[in-house]
Amino acid sequence: MKNDTPHNKKLDQLDTHSTSNDNEKLTTNQGLKINNNQDSLKAGERGPSLLEDFILREKITHFDHERIPERVVHARGSGAHGVFKLTKSLAEYTKAKFLTELGKETPVFVRFSTVAGSKGSTDLARDVRGFAVKFYTEEGNYDLVANNMPVFFIQDAIKFPDLVHAVKPEPDNEIPQAASAHDTFWDFISLMPESMHMIMWLMSDRAIPRSLRMMEGFGVHSFKFINEEGKVHFVKFHFKPKLGVHSVAWDEAQRISGVDPDFHKRDLWEAIENGDFAEWDFGVQLVPEENEHNFDFDLLDPTKIIPEEEVPVEIVGTLTLNRNPDNFFAETEQVAFHPGHIIPGIDFTNDPLLQGRLFSYTDTQLSRLGSPNFHEIPINRSVNTVHNNQRDGHMRQQIVKGKTSYDPNSIGGGCPFQAMMSEGGFTSQEERVSGAKIRERSSSFVDHYSQAKLFYNSQSVPEKAHLQKALIFELSKVTLPAVRERVVGQLAFIDMTLAWRVAEKLGVEVKKLDWPNQSVPADGNMIELQSEEREPKTRISEALSMKNTVKNTVRTRKIGFIMANGADGRAVNNLKTKLESEGAKVEIIAPSLAPVKINDGSSLTPKHSLTSTASVCFDALYISAGEESAKELMTPENRNIVLNFINEAYKHCKAICFGEGTESLYSNSNVSAKKHEDRGIIWQNENSPDMFIKAIAEHRVWDLETERNSQI
Ligand code: HDE
C-alpha cells in the first residue's frame, strides 16, 4: 500500500538509492559499476587478497558499521505509517491546526515498543508497550510519545535511570532478558510506594496484549491546550482501539515467546498487508485551568489517572495505520520521538516526570543516531521546510546556500525571519511561576494507594485472578525473602485478600508497615497516609476493566482449521465463507503442507503443518468435519499434537467448533470432561456459525477459566 501524502512524496524525492529495477547495475557507493561481486582481488588464483581491493574494503567497512546503539529503553519496536483524521473540531480549546480543521488528514508514523528487552527480545514479554505517534503537521512535527498504560512507575524524572537499571538485566550476569521477574526490579519496587498503581497495571493482562492493534494508548501526563484567545485547558490524551482491548493469558504469552517471538510485529505487518488497517479513536479529557484543584489527586502527578467517570473522554478523531514501512532500519529504527516536539496550541505542564523527559529525548538521539542532524533523516523530517542558522555537524544533508548563518543579519537580507504569533510563531503559555529553589515533592503527590485500589477494585473476577497469579509468578522468581515480604506489605495497602493470596504462595507473612528507614521520604508524610487507607472518590471505574471492552467483532481474528484428507468440503467451506465474510482470517493446519484432498474431489492448501505452528497462535479452532479426516488426525503420528492443539485452546478459554465425525477427537481431549454448558464449545450444525462467531467475538470465555482448568 502506497500513500500519496505530501510526506511520502517528499520521502520519494529524497530516495535516490532504494528501489531496484531490471536495468539497475550494482555499483559502489561512488556510483562505479561493479563487474564481479563474487571474488575479491587476489595475487594469483590461490594468492592473498590485495589491499588495493577498494570494492572489497568499501563493502566490508560498511558492513562493519551497520549497527547503531539500540534505544536504552524501548529497544524493540514495530512501526507503521498512517493518517490521523479529525472528526470533531477542538477549536474551542486549542489552536493546533490539525485539531481544529474538521475532516483534516494529517500523516503519521507510529512506533510501538516493549520497554525492558533488547532489540531482539520477544514481543510477548510482560511489559509496558510504547505507543509513540509522530504527526507530520503543517505547523511542524508533533510527537505524542505515549504508552499503553495511563500512569507511570515514578513521579520524578530523577528516578528514571534507577527504575530502568532495576528492570534491565542485572549488571553482573546480564540475566534475565525482557523480564521484570527478578531481584533488582522488585527490590526497587518494594521501596517505591509510588509505583504501586503502575504495578497493578503491569501485573494485569494489559501487559500482555493480544495484538498491538488491540491496545489503548495514553499520553500519561497532563498537557495543556491553549486556544486563540489564550484560554488554557489541561488535557489527557487517549487512543481507543476499534477492535477493543484484548490480551492473551500468561501461559499463552510464554508459549508464544518460543513459537513466534515476533508475534506482535508479524500481526501488525500482516494486518496492514491484508488491508485490515489498524484503527483507534482518538480522545481527550479536558479540564479548564481554573478547575485544576478540583480532584482528590494532583493533575501534575503522572501516577494518577483522571477517572473517565469524573471527566469523560471526548472522541475527536481517528488514527489509522495503513502502510508498512519499506525499510525497518530507515524508518522504525531511525525514527526519533520527543515529547518536546510540540506545536502552537499545545504546551507542557509542570509534571516533574514530563519536565525531565523534555531533556532526555534529544540527548539520547545524539548517542543513538550519532549526530545533531538526526532531524534530516527522511522519517524525522517535517513536511514544511526547515529554515534556520544551524549548520555543519556529522552527516549534514542540507546544502544551504548563501553567506549568512546568523541572526540578525543584513547580508542575507535578514533571512530567515522570526514568525509572529499570527503567522504560527510558537509562544509558550505565559504562566506565572514563583517559589523557592527546593528539592522536594509536593505534598499533593503522597497518596500512592487510592488509585491502585481503584484499579484493582474495578477488575472483573478473572482479571483479579490473573493479576494475583502474575504477582505470584514474578515474586516467586525473587530470591530474597525480605524483598518478597516488602512487596506483600505494599499490596496490603491495596487489598488485604490480594496480599494474603500472594503471601500464601510465597511463604511469607503479611506485614503491613514493615518499612526500612531509607524508603521513608524526607517529609515523613507517607507512613501516615498509608495507614489512613484512603478511599478514592471514584470507587470503581468501568473503563479500567477489559471485561467492558468491544466484543462485537471477529475482524482479523485468526481461526485455525485443523484438517486432513477426506475433510467434508461443504461443511468446511460453509464455515470458512461465513467467518471470512465477518472479516476473520481462516488458516488451514494439516499433517503436512501437501494440499488436503477434500471429499468433493477438490483440494485446499494448508498454510501450516501441525508441527510448524501451535494452538497459541490462533484465536479459535475448528476441527473440520469428516470421519476420514478425523481418523487421520488420530493416527499415532498426529494424535498427541492434535489433542494438544485442542487442549491448549480449551485451557486458554478459546472458542472451539467440532465438525460432524470428530467425536473421537472430542472425547479424547480435555474438552469432554466439561460438566456444564460451555458457550465456547460448539458442535457444527445450522446455527453453529453464528454461535461460533459470537464466541470468538467475546475473545475468551475468561469467566469459565477456573472450571475449564480444574477439569484438566
Ligand atoms: Fe520515555 N524514553 N522516558 N517514557 N519513551 C525513551 O528515548 C525517558 C516515559 C516512551 O518508539 C528514550 O528515543 C525518561 C513515559 C516511548 O522511539 C529516552 C522518562 C512515557 C519511547 C526516554 C521517560 C514514555 C520512549 C529511549 C522519565 C509514556 C519509545 C530512546 C522522565 C508517556 C519511543 C528514545 C520510540 C523512549 C526517556 C518516561 C514513553 C531515553 C527520562 C512516562 C513510547 O529518551
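Residues numbered from 1 in each chain as written. Predicted model: local features only at pLDDT ≥ 70, side-chain atom pairs only at ≥ 80, totals over all residues. Heavy atoms only, no water.

Asks: When you look at the overall build of the protein chain in this model, what are you seeing that I'm missing?
Replies: In terms of helices and strands, the protein chain carries 20 helices and 18 strands. In terms of overall dimensions, the protein chain is globule-like: its C-alpha atoms have a radius of gyration of 28 Å, near the 27 Å expected for 712 residues. For the protein chain, the spread of C-alpha atoms along the three principal axes comes to 90 × 80 × 55 Å. Across the 712 residues of the protein chain, 53% fall into the buried class. Contacts in the protein chain between residues far apart in sequence, at least 24 positions, make up 74% of those at least 6 positions apart. (Helix = DSSP H or I, 4+ residues; strand = E, 2+ residues; numbered from the N terminus. Rg over C-alpha atoms; globule rule 2.2 N^0.38 Å. Buried < 20%, exposed > 50% of the residue type's maximum accessible area, 1.4 Å probe, protein only. Contact = heavy atoms within 4.5 Å.)

Asks: For this particular structure, what's the right way to read the coordination of the iron atom of the ligand?
Replies: You will see that the iron atom of the ligand has only one donor from the protein, Tyr361 (OH), lying 1.9 Å away. Relative to the elements of secondary structure, Tyr361 occurs in helix H9 (residues 352–368). (Donors = N, O, S within 2.8 Å, 3.2 Å for Na, K, Ca; no water.)

Asks: Sorry, what's going on with the side chain of Lys304 here?
Replies: Note on placement: Lys304 falls in the loop between strand E8 (278–288) and strand E9 (314–323). Among the polar contacts made by the side chain of Lys304, one reaches the side chain of Thr303 at a distance of 3.0 Å. Beyond its immediate stretch of four places on either side in the chain, Lys304 contacts Pro150, Val151, Gln155, His197, Lys236, Phe297, Asp447 and Gln451. (Polar contact = N/O pair within 3.5 Å; in protein donor to acceptor, adjacent residues only side chain to side chain.)

Asks: How do you make sense of the confidence of the model for the protein chain when you look at a structure like this?
Replies: Detailed reading of predicted coordinates is not advised where the pLDDT is low. Averaged over every residue, the pLDDT of the protein chain is 93; the share at 70 or more is 93%. Of the regions scoring below 50 in pLDDT, residues 1–16 engages in 25 contacts with residues more than four places distant in sequence or in other chains. Confidence over residues 514–532 falls short of pLDDT 50; this stretch has 30 contacts with residues more than four positions distant or in other chains. (pLDDT = per-residue confidence, 0-100.)

Asks: Where do I start with the packing of helix H15 (residues 569–581) against helix H19 (residues 688–697) in this structure?
Replies: A packed helix pair is summarised by two numbers, namely the angle formed by the two axes and the spacing between the axes. Where H15 contacts H19, the two axes come as close as 10 Å, and the packing angle between them is 45 degrees. Compared by their axis directions, H15 and H19 come out oblique. Between H15 and H19 lies a crossing of right-handed hand. On the side of H15, the interface is formed by Leu575, Lys578 and Leu579, while H19 contributes Pro689, Asp690, Phe692, Ile693 and Ile696. Taken together, the residues of the contact of H15 with H19 sort by class into six nonpolar, no polar and two charged. (Axes fitted to C-alpha atoms, helices over the stretch in contact; angles between N-to-C directions. Parallel < 35°, antiparallel > 145°, perpendicular 65-115°, else oblique. Left-handed = near helix turned anticlockwise from the far one by under 90°. Nonpolar A, V, L, I, M, F, W, Y, C, P; charged D, E, K, R; others polar.)

Asks: Just checking my understanding: could you explain the nonpolar core for this structure?
Replies: Buried together is how nonpolar side chains tend to be arranged in soluble globular proteins. Core analysis: the biggest nonpolar cluster contains 54 residues, and Phe153, Trp186, Ile199, Met200, Leu471 and Leu491 have the highest contact counts within it. The set of elements that each furnish at least two residues to this core consists of helix H3 (160–167), helix H4 (183–190), helix H5 (196–203), helix H10 (450–458), helix H11 (461–476), helix H12 (481–491) and helix H13 (496–506). Once residues lying within four places of it in the same chain are set aside, the contact partners of Leu491 are Met196, Met200, Leu471, Leu498, Ala499 and Val502. Core analysis: the next-biggest nonpolar cluster, separate from the first, contains 39 residues, Phe84, Leu99, Phe223 and Val284 among them. (Core = buried A, V, L, I, M, F, W, Y, C linked by side-chain atoms within 4.5 Å.)

Asks: Is there a simple way to explain the packing of aromatic side chains in this structure?
Replies: Within this structure, the stated rule accounts for 27 aromatic pairs. Each ring, one from Phe225 and one from Phe237, has its centre 5.7 Å from the other, and the planes form 70 degrees; the classification is edge-to-face. Here Phe237 lies in strand E7 (residues 232–241) and Phe225 lies in strand E6 (residues 223–226), a separation of twelve residues in the sequence. With relative accessibility at 0%, the residue Phe225 sits in the buried group. (Phe/Tyr/Trp six-rings, centres within 6.5 Å; stacked < 30°, edge-to-face > 60°.)

Asks: I keep staring at the environment of His394 and nothing clicks. Help me out?
Replies: Relative to the helices and strands, His394 is located in the loop between H9 and H10. When sequence neighbours within four positions are dropped, the list of residues in contact with His394 reads Gly370, Ser371 and Asn373.

Asks: Please clarify how the UniProt feature "active site" (unreviewed entry) in the protein chain should be interpreted in this entry.
Replies: Per the UniProt entry, the sites bearing "active site" (unreviewed entry) are His74 and Asn147 in this numbering. These annotated residues cover 74 residues of sequence, but their C-alpha atoms sit close together, with the largest distance between any two at 10.5 Å. With respect to the helices and strands, the residue His74 is situated in the loop between helix H2 (54–64) and strand E1 (77–86). Once you skip the residues sitting within four places of it in the chain, His74 turns out to touch Arg111, Ser113, Thr114, Val115, Gly130 and Asn147. In this structure Asn147 comes out as buried when scored by relative accessible area, which is 9%. The residues contacting Asn147, other than those within four sequence positions of it, are His74, Val128, Arg129, Gly130, Phe131, Phe152, Glu216, Gly217, Phe218 and Val220. (UniProt positions renumbered as here; feature names shortened; annotations may be inferred.)

Asks: Would you mind showing me how to read the site of the ligand here?
Replies: The environment of the ligand is formed by 23 residues, the closest being Arg71, Arg111, Arg357, Tyr361 and Gln365. Between the ligand and Arg111 there is a distance of 2.6 Å, counted from an oxygen atom to a side-chain nitrogen or oxygen. For the shell around the ligand, the secondary structure elements donating two or more residues are strand E3 (129–137), strand E4 (140–147) and H9. Take the shell around the ligand: its biggest share by element is six residues, from H9. (Near = heavy atom within 4 Å.)

Asks: Honestly, the pattern of salt bridges in this entry has me stumped. Any pointers?
Replies: Once the charged atoms of two side chains with opposite charge are near each other, the side chains can pair. Applying the stated criterion across every chain, the model contains 40 salt bridges. Three or more residues joined by partner-sharing salt bridges are found here, namely Arg210, Arg213, Glu252, Asp267, Arg557, Asp619, Lys654 and Arg700. (Salt bridge = Lys/Arg side-chain N within 4 Å of Asp/Glu carboxyl O.)

Asks: I tried to follow the domain arrangement of the protein chain on my own but got confused; where do I start?
Replies: Think of interface size as the accessible area that goes away when the parts come together; that is how it is often given. By domain assignment, the protein chain separates into domain 1 (78–188 + 210–326 + 342–351) and domain 2 (558–710). Between domain 1 and domain 2, the C-alpha centre-to-centre distance is 36 Å. Residue-level contacts link 14 residues of domain 1 with 15 residues of domain 2. Summed over both partners, the interface of domain 1 with domain 2 buries about 1200 Å², with 49% contributed by carbon and sulfur atoms. Applying the counting rule to domain 1 against domain 2 returns seven salt bridges. Linking Lys585 and Asp276 is a salt bridge whose minimum nitrogen-to-oxygen distance equals 3.3 Å. The interface formed by domain 1 and domain 2 holds eight residue pairs in polar contact (both at pLDDT 80 or more) in total. Looking at the side of domain 1 that touches domain 2, the elements that each hand over two or more residues are helix H6 (250–259) and helix H7 (263–273). Looking at the side of domain 1 that touches domain 2 residue by residue, the classes come out as five nonpolar, three polar and six charged. (Domains from an automatic or database assignment. Buried area = accessible area lost by both parts, 1.4 Å probe.)

Asks: Could you clarify how one ought to interpret the packing of H12 against H13 in this entry?
Replies: Where H12 meets H13, the axes come as close as 8 Å, and the angle between the chain directions of the two elements is 165 degrees. Here H12 lies roughly antiparallel to H13, going by the angle between them. Two packed elements cross with a definite hand, and for H12 against H13 that hand is left-handed. Facing Arg484, Val488 and Leu491 of H12, the residues of H13 in contact are Leu498, Ala499, Val502, Ala503 and Leu506. For the contact of H12 with H13, a count of residues per class yields seven nonpolar, no polar and one charged.

Asks: Would you take a moment to explain the pairing of E9 for this structure?
Replies: In terms of burial, E9 is a largely internal element, eight of the ten residues being buried. Where E1 and E9 come together, six bridges link them in antiparallel fashion. Within E9, the residue paired with Leu86 across the bridge is Gly317. (Pairing = 2+ DSSP bridges.)

Asks: Sorry, what's going on with the environment of Lys547 here?
Replies: Relative to the elements of secondary structure, Lys547 occurs in the loop between helix H14 (525–532) and strand E11 (558–562). Taking the C-alpha atoms as reference points, Lys547 and Phe328, 219 residues apart in sequence, are found 35 Å from one another. Apart from the residues within four sequence positions on either side, Lys547 is in contact with Ser460 and Glu463.

Asks: I'm lost on the sheet that holds strand E16 (residues 620–623) in this one. Help?
Replies: Within a sheet, neighbouring strands are paired by backbone hydrogen bonds and run either parallel or antiparallel to one another. Read from one edge to the other, the open sheet built from six strands follows the order E15-E12-E11-E16-E17-E18, with strand pairing classed as parallel. The sheet terminates laterally at strand E15 (608–609) and strand E18 (681–683), the two strands that pair on one side only. Two elements, E11 and strand E12 (residues 585–590), share five bridges in a ladder whose sense is parallel. By the bridge assignment for E12, Lys558 is matched with Lys585.

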